[in-house]
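Here are the chains, one letter per residue:
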Amino acid sequence: MRSPDFHSLTPFTSLNAHPLSRRRLVQLGIGAGTALALPALAANSAAAATDPYAALRSTWVSMMTGGVTSTSGSAYTAAVAGINAQTQAWLASIQTGSGITALWSDLPLGSVSANISTTFSRLKSLATAYVIPGTNYTGSSSLASTILAGLDFMAAGAYSPSTTPYDNWWDWQIGSSQILEDTAILMYAQLSASRIAAYCACIDAFVPDPTKQMIVSGGSTTSTGANRLDMCRAVIVRGALGEDSTAIGTGVSGLIPELSLVMCGDGLYADGSFTQHGGVAYTGTYGAIYFGDIAAMVQLLAGSSWAIPAADLSPVITGVSAGYAPLVYNGLMLDAVRGRAISRYNEPDASDGFSAALTLLDWAAAVAAADPSQAAQWRSTAKGWLQRNTVYGVSATRQSIVNTTTGATVTVSAAGVAGIALAESVLGDSSVTAAAEPTAHQQFPNMARAVHRRPGWAYAVSMCSDEIQRYEVINGENLHGWYTGDGMGYLYLDTDVAQFNDAYWDTVEMYQLPGVTADAGTLANSAGATTKPSTTWVGGSVLAGSYGAVGMRLQAYSTNLTAVKSWFCLDSQVVCLGAGITSTSGNNVLTTVENRNLHTVGNNSLYVNGTQQSIGAGWSSTVSAVHSACITGVAGYCFLWPAGANNVEFALTNQTGNWLDVNSGAPTTLADDTRPYLSIAFNHGANPSAATYSYVILPGATEAQTAAYAASPSVTVVANTATVQAISDTALGVTMANFYAAATAGPITVNAPASVSTQTSGSDLTIAVSDPTWTSATIQVTVAASGYSGIVSADPSVTVLSSANGSISLLVETGGSRGATHQVTLSTSGAALTPATATLLAPTDDTYVRGGSYATDNFGTTNTMVIKNSTGDYDRVALLKFSTSTVTGTVQRAILWLNGNTEDSGGSQTPITAYELGSSSWSESTVTYNTTPALTTALGTGSLSNTYDWVGLDVTAAVSAAGTAGVALGVSEQSAGLAAVVYSKEEGSGKGPVLEIITD
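- In the annotation of an unreviewed UniProt entry, the entry for the chain reads Polysaccharide lyase 8 family protein, and the organism field reads Actinospica durhamensis.
- Looking at the chain in UniProt, the text filed under Subcellular location (unreviewed entry) is "Secreted".
- The UniProt entry for the chain carries the following comment under Sequence similarities (unreviewed entry): "Belongs to the polysaccharide lyase 8 family."

Regarding the overall build of the chain
Point 1. Across its full length, the chain holds 18 helices and 50 strands.
Point 2. Here the chain has a C-alpha radius of gyration of 30 Å; the compact-globule value for 1000 residues is 30 Å, and the two agree.
Point 3. Projected onto its principal axes, the C-alpha positions of the chain cover 90 × 80 × 55 Å.
Point 4. A burial count over the chain gives 61% of its 1000 residues as buried.
Point 5. In the chain, once contacts between residues fewer than 6 apart in sequence are set aside, the share between residues at least 24 apart is 72%.
Point 6. Carbon and sulfur atoms form 50% of the exposed surface of the chain, whose accessible area is close to 31700 Å².
Point 7. Between the averaged position of the 36 positive side-chain charges in the chain and that of its 66 negative side-chain charges there is a distance of 4 Å.

Re the nonpolar core
Point 1. Ranked by size, the top nonpolar core spans 208 residues in total, and within it Trp 363, Trp 505, Phe 639 and Phe 650 carry the most contacts.
Point 2. Residues within four places of Trp 363 in sequence aside, it is in contact with Phe 291, Ile 294, Ala 295, Leu 313, Val 316, Ile 317, Val 320 and Trp 378.

So, the UniProt feature "domain: Polysaccharide lyase family 8 central" (unreviewed entry) in the chain
Point 1. In this structure's numbering, the residues bearing the UniProt feature "domain: Polysaccharide lyase family 8 central" (unreviewed entry) are residues 441–701.
Point 2. Secondary structure across residues 441–701 divides into 2% helix and 45% strand, with the first and last C-alpha atoms of the span separated by 20 Å.

Considerations on helix H5 (residues 114–131)
Point 1. Given a rise of 1.5 Å per residue, 18 residues ought to cover 26 Å, and the 26 Å separating the end C-alpha atoms of H5 matches this to within 8%.
Point 2. Most of H5 is tucked away, with 18 of its 18 residues classed as buried.

As for the pattern of salt bridges
Point 1. In total, this model carries 25 salt bridges according to the counting rule given.
Point 2. A salt bridge links Asp 244 to Arg 238; the shortest N-O distance between them is 3.9 Å.
Point 3. According to the relative accessible area criterion, Asp 244 is partly exposed, its value standing at 26%.
Point 4. A salt bridge links Glu 477 to Arg 340; the nearest nitrogen and oxygen atoms lie 2.9 Å apart. Here Glu 477, found in the loop between strand S12 (457–462) and strand S13 (488–493), pairs with Arg 340, found in the loop between strand S7 (332–333) and helix H13 (349–367); they are 137 residues apart in sequence, far enough to count as distant. Taken as a pair, Glu 477 and Arg 340 share a single burial class, namely buried.

Details of the sheet that holds strand S19 (residues 588–597)
Point 1. Strand order in the open sheet made by the five strands is S14-S19-S26-S25-S22, with antiparallel pairing throughout. Two strands close off the open sheet at either side, each with one partner strand: strand S14 (517–519) and strand S22 (620–623). Averaged over all pairs of adjacent strands, the angle between their axes in this sheet comes to 35 degrees, without regard to strand direction.
Point 2. As paired strands, S19 and strand S26 (residues 673–686) are joined by eight bridges and run antiparallel to one another. In the strand pairing of S26, Thr 592 is matched with Ala 681.

Structural notes on the packing of aromatic side chains
Point 1. Counted according to the given criterion, the structure contains 29 aromatic pairs.
Point 2. When the centroid spacing of 5.3 Å and the interplanar angle of 85 degrees are considered together, the rings of Tyr 290 and Phe 291 count as edge-to-face. Grouping residues by exposure puts Tyr 290 and Phe 291 together as buried.
Point 3. With a centroid separation of 5.9 Å and 40 degrees between ring planes, the pair formed by Phe 682 and Tyr 695 is classed as tilted. Remark: Tyr 695 occurs in strand S27 (residues 691–699) and Phe 682 occurs in strand S26; sequence separation between them is 13 residues.

Focus: the layout of surface pockets
Point 1. Quantified by volume, the largest pocket comes out at close to 600 Å³.
Point 2. Lining of the largest pocket is provided by 31 residues; of these, Tyr 345, Asn 346, Pro 348, Arg 398 and Gln 399 occupy positions nearest its centre.
Point 3. Here the lining of the largest pocket gets four residues from one element, more than from any other, and that element is strand S8 (residues 397–401).
Point 4. For the lining of the largest pocket, the class distribution of residues is 16 nonpolar, eight polar and seven charged.
Point 5. Volume-wise, the second largest pocket comes out at about 430 Å³.

Examining the packing of helix H9 (residues 225–242) against helix H10 (residues 245–255)
Two measures define how a pair of helices packs: the angle their axes make with one another and the distance between the axes.
Point 1. The geometry of H9 relative to H10 is characterised by a closest axis approach of 7 Å and an angle of 160 degrees between their N-to-C directions. The pairing of H9 with H10 is recorded here as roughly antiparallel in orientation. Relative to H10, the crossing made by H9 is left-handed. Residue-level inspection shows Arg 228, Leu 229, Cys 232, Val 235, Ile 236, Arg 238, Gly 239 and Ala 240 of H9 in contact with H10, the latter providing Ala 247, Ile 248, Thr 250, Gly 251, Val 252, Gly 254 and Leu 255.
Point 2. Here the residues of the contact of H9 with H10 sort into nine nonpolar, four polar and two charged.

The rules behind these values
- Within each chain, residues carry numbers counting from 1 in the order of the written sequence.
- With pLDDT at 70 or above as the cut-off, local features in this predicted model cover only qualifying residues; side-chain atom pairs require 80 or more to be listed or tallied, and sums for whole chains, interfaces and linings still use all residues.
- With hydrogens and water stripped out, all remaining heavy atoms of the structure feed into the side-chain values.
- UniProt positions are given in the numbering used here, feature names are shortened, and annotations may be inferred rather than shown by experiment.
- Secondary structure elements follow DSSP: runs of H or I of four or more residues count as helices, runs of E of two or more count as strands, with numbering from the N terminus.
- Computation of the radius of gyration draws on C-alpha atoms alone. For the globule rule, the value is 2.2 Å times the number of residues to the power 0.38.
- Exposed residues in this analysis have more than 50% of their type's maximum accessible area, buried residues have under 20%, and partly exposed residues fall in between, with area computed by a 1.4 Å probe over protein chains only.
- Here, two residues are considered to be in contact whenever any of their heavy atoms come within 4.5 Å of each other.
- The Shrake-Rupley method, run with a 1.4 Å probe, gives the accessible areas here. Residue values count only the displayed protein chains as cover.
- Neither His nor the chain ends contribute to the count of charged residues, in which Lys and Arg are positive and Asp and Glu negative.
- Each charge is placed at NZ for Lys, CZ for Arg, CG for Asp and CD for Glu.
- Take the buried Ala, Val, Leu, Ile, Met, Phe, Trp, Tyr and Cys residues and link them wherever side-chain atoms come within 4.5 Å; each set so joined is a nonpolar core.
- Take the residue count of a helix, subtract one, and multiply by 1.5 Å to get its expected span.
- A pairing counts as a salt bridge when a side-chain nitrogen of Lys or Arg comes within 4 Å of a carboxyl oxygen of Asp or Glu.
- Any two strands with at least two DSSP bridges between them are considered paired.
- With axes taken as lines fitted to C-alpha atoms, and helix axes fitted only over the stretch in contact, angles between N-to-C directions fall between 0 and 180 degrees.
- A pair of Phe, Tyr and Trp rings is counted when the ring centres sit within 6.5 Å of each other, with Trp represented by its six-membered ring. The angle between the planes then sorts it: under 30 degrees is stacked, over 60 is edge-to-face, the rest tilted.
- We place a 1 Å grid over just the protein atoms. Points where a 1.4 Å probe fits but has no way out form a cavity, open points with protein on both sides within 12 Å along at least 5 of 7 lines form a pocket, and any residue with an atom within 4 Å of a point lines it.
- Grid points are joined across faces, edges and corners, and a volume is the space filled by probe spheres set on the points.
- When residues are sorted by character, Ala, Val, Leu, Ile, Met, Phe, Trp, Tyr, Cys and Pro go into the nonpolar class, Asp, Glu, Lys and Arg into the charged class, and all the rest, Gly among them, into the polar class.
- Roughly parallel means an angle under 35 degrees; roughly antiparallel means over 145; roughly perpendicular covers 65 to 115; every other angle is labelled oblique.
- Helix crossings are classified by the rotation of the near helix relative to the far one: an anticlockwise turn of less than a right angle makes the crossing left-handed, while a clockwise turn makes it right-handed.

Here it is in structure tokens:
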């Protein structure tokens, strides 16, 4: 909720729009929180002291307008001028009188639902001009009459409760409902009771239940993620408008479940990922709405009887720091998490980054009383972003289209009054120190993204998997996103903050995106949109939060092109390896090392093997024996073949495009853009078989620095095959390996697919391990290293089995961690560790029993077991027995691993619990519900979702007590839950139950 002309994404902006993004049209402004002192609102403000609904409305007005009491300062000059210009244009073109079918002729009503939302948005902008102090229209009775007449027209016609929805559900349930209520609250002092009731009736008709998302053709589906939050926001604010406690309570009740972390589907994950639309990495847009809506509702309801419980907010507060903030660099929201928003001419990364700074300030205000330290940290971070975002700051202006038919525009403030007010609350506060960009490496396995940050630069990688879509197209947006999820690498430089927001996405050659290996064949608009490859190896390992190994198994959409790709992210370099590059399409296959937007100036120089090239528009050259290249002001590139790289293609091309090429909703009046691009690519030729590449990116390096590195690189390629890709860096003491199967690379051996990173530093050795495939319950890792006898720190999931005989042996519990990294640090000093033994047992018996009419049936031969705490026919319990006769030593840890998912129409996540059984005198071939032993002591609990995965249940107490006599376990739910289905030993394929026992 920023100013009407502020195009940001939190919390009232759009992701589904043409020509302007519709959630952007909803937006008015969230501000610092002081109340307006305007005659039109004086009564409302006065009533707020005693009336809880008036208090909510007063707070909401303050949030929408920035709480400003004066706009006389120079900071607001452009914003006020823009409001005046927009208002003048829209008043000049608004249609009045009887017989009209639309308020504005360029927004005809009846077939395009976006025109309803946009019409309301214009009315809201007029209302803003009415209430913001210092405009030409502040307190204008004539303007007030026009606004109310417009609202009445819409409420009785295009958005009346009796209107049958058409086109896009979003406009009916989110866009129009939110803007209508916002406008009504801005104009509240001028509204009669009958008008309020009429407007509320409209909202009630289209948003009767915020947990249900309309299907325009009929029926509904369950709302999720940001869409749920938006509808809850609509219902809560409607409750404030209509003084309806039930509506507010309904909105809060619908919101609370979305505050919990998810394990599948839309929402916020434990690793900070945010996805929407069934597997799109969307932190920067839908995630922005999610975080923004919650912050807005927290502030709105604070101190009221409807306040959101603090305990419920804990996961979201953690997510702001762990999942939202890391996706912003120098005030730019990374394009890797903006989905189809990259194709919007009016919503660049800088715009969404500015919005993110304001959202962070909203969160700082929301938590200030409970956690002033966190609030101060967020304010510092936001100030740093605002200062470094030189593209989209408080003084920036933009052209706002005031007639979609003619393309007529007026100049408005990019930030708007509310945005300026909130930004200036820290920019103008000398007590707030601007935080610098952190140095870190972060991965988000649940959305297949990685971000590496170093002083002066950042590098992001976007990938796809069987869980994450290649890219998304909705409403004709992002038509050429074909390869954005195939390993695109985004290099951000402090010296080039405009790289991806200077007409990049409408001019870049979309077949040659940096980092991508792609077939040169042509693709149709939207080809491959919303699809997912069948590959599971996507992710990597994070070493002490500083370095990272990232990788993916590439499976192209358009052809049978396959490959494995890795990025090893170090201090001053990113090492890129590709192997197994194979295709039989007959087209050339290219790996693009760089394709840099040189902007309109285009004065960068290119050096190849230390020699400056004479380049100009249209120049190209294919060079062999390439050891190094450098694009001045961008980066150095070193090729790691001893004899140099062959068939390296260099080109300087003027690329011309139009936003309509990539987004069918862009205005038809936009002119073409042309930008020069300097590209470097490997041409693997047609029908490559097991082709490879290896190069190093040196961000910000000069030609001299590039040449020096090329002469003596610190990095060595240990392996680059379809089985394993690995490097070592002698300067850092780092070895990293991505294993696509059990293998050995240098000092590291694994018994299953894994990503492993190690570093020696002084007397310490750190080992980081993950399972990017999410398929192994445990992974055994061996690292050849001597002298490390003590443990400095270890995640509970890592057991050091031995450090003798020149190698360190680990058992790493990766099951259920969804690609997360597990780490241990050992030292050459300290007390010697106690050797341990890991035993992995399959069950001797496993089955399940079922109640009701199935109580005498035996299910011993099935390859799955069903678990559900219910009644009658639906009550099911899994039973397992293990022989422990071969286990020696004292039991230190015992984990029962089950592989399965939830399969229940009632939801997508459920906890299951292991229990001791009263007896082991049963057989899988004969036991029934009526004869099953009783469940006794509850043991470990874990959760399953509708995505197949391992779940580990701690059964240490039962196994320790059983000794070598064997252990019998039951698995059920502690309360009524959803049906979970897990594999039995009959399934085979490594998916059956496993009992892990650690003894010493």
